[in-house]
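# Descriptive structure summary
Next come the chains, spelled out residue by residue.
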Amino acid sequence: MAIASWNSRFLTGIEIIDIQHEALFEAVNTLADAVKVNNASLRVGGYLEMLVGQTQEHFTTEERYLTETGNRQLRSHLEEHRALNAKLHELLAKQKNGGLVSADVALFFAEWFAHHIAEVDMANGGTGNKPAPPIEA
Ligand SMILES: [Fe+2]
Ligand SMILES: [Fe+2]
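Rules used throughout
Residues numbered from 1 in each chain as written. Chains lettered and ligands numbered in written order. Predicted model: local features only at pLDDT ≥ 70, side-chain atom pairs only at ≥ 80, totals over all residues. Heavy atoms only, no water. Helix = DSSP H or I, 4+ residues; strand = E, 2+ residues; numbered from the N terminus. Buried < 20%, exposed > 50% of the residue type's maximum accessible area, 1.4 Å probe, protein only. Contact = heavy atoms within 4.5 Å. Lys, Arg positive; Asp, Glu negative; His and termini not counted. Salt bridge = Lys/Arg side-chain N within 4 Å of Asp/Glu carboxyl O. Polar contact = N/O pair within 3.5 Å; in protein donor to acceptor, adjacent residues only side chain to side chain. Donors = N, O, S within 2.8 Å, 3.2 Å for Na, K, Ca; no water. Expected span 1.5 Å × (residues − 1).

### Some words on the overall build of the protein
From N to C terminus, the protein includes four helices and zero strands. Ordered by position from the N terminus, the helices and strands of the protein form the series α-α-α-α. Here the protein, with 137 residues, has 41% of them falling under the buried criterion. Looking at the protein alone, contacts between residues at least 24 apart form 73% of all its contacts between residues at least 6 apart.

### Here's the deal with the side chain of Glu62
Tracing the backbone through its elements, the reader meets Glu62 in helix 2 (residues 41-68). Arg82 is the oppositely charged side chain nearest to the buried, salt-bridge-free Glu62, at an N-O distance of 9.5 Å. At 3.3 Å, the side chain of Glu62 and the side chain of His21 are in polar contact. Apart from residues no more than four positions distant in its own chain, Glu62 is found in contact with Ile17, His21, His77, His81, His116, Asp121 and Asn124.

### Some points on the coordination of the iron ion (ligand 2)
Within the first shell, the iron ion (ligand 2) binds the protein through His21 (NE2), His58 (NE2), Glu62 (OE) and Asp121 (OD), at distances of 2.1 to 2.2 Å. Each donor residue of the iron ion (ligand 2) lies on the same chain, and together they follow the pattern H-x36-H-x3-E-x58-D. Taken as a pair, the iron ion (ligand 2) and the iron ion (ligand 1) lie 3.4 Å from each other and share Glu62 as a ligand. Within this pair, whereas His21 is found in helix 1 (residues 15-37), its partner Glu62 is found in helix 2, the two being separated by 41 residues in sequence.

### Some thoughts on the coordination of the iron ion (ligand 1)
Donor atoms from the polypeptide that bind the iron ion (ligand 1) are Glu62 (OE), His77 (NE2), His81 (NE2), His116 (NE2) and Asp121 (OD), placed at 2.0 to 2.2 Å. Here the donor residues of the iron ion (ligand 1) share one chain and are spaced in sequence as E-x14-H-x3-H-x34-H-x4-D. Residue His81 is classed as buried on the basis of its relative accessible area, which comes to 0%.

### Let's talk about helix 4 (residues 103-119)
Helix length check: helix 4, at 17 residues, gives a terminal C-alpha distance of 24 Å against a target of 24 Å (1.5 Å per residue), a fit within 8%. Buried residues of helix 4: Val105, Ala106, Phe109, Ala110, Trp112, Phe113, Ala114, His116, Ile117 and Ala118, and no others. Looking at the buried residues of helix 4, the elements they touch are helix 1, helix 2 and helix 3 (74-96).

What follows is the structure, given as structure tokens:
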């Protein structure tokens, strides 16, 4: 069973962002499957690199959108992105030095993306299911 299951509650209504989010779920599931089946360094490392690349591409797209639309939560949103980026790079470095990627790591990413998309990205200003959060003073 996939650890990250995509559904319509994650739709922000911003097409490019929704496409990238869904692809990120797939990348997390691919990584989780590779870890479960065989923690062979090359395969897992390749999928981890793919997840890092897709995440960075997505963050670039989303941050550009947030900046262009004058999003009021830009700063705190960027902080969440930076924190995940740091975690991904730390993990990639460990993996390249021979460290094993555990199933818990894949689960962490599944939960991070589900939480971040539902709680933070949903306020991006699209036609999300959630109302935008109150404007900061
Ligand atoms: Fe985000
Ligand atoms: Fe996002």
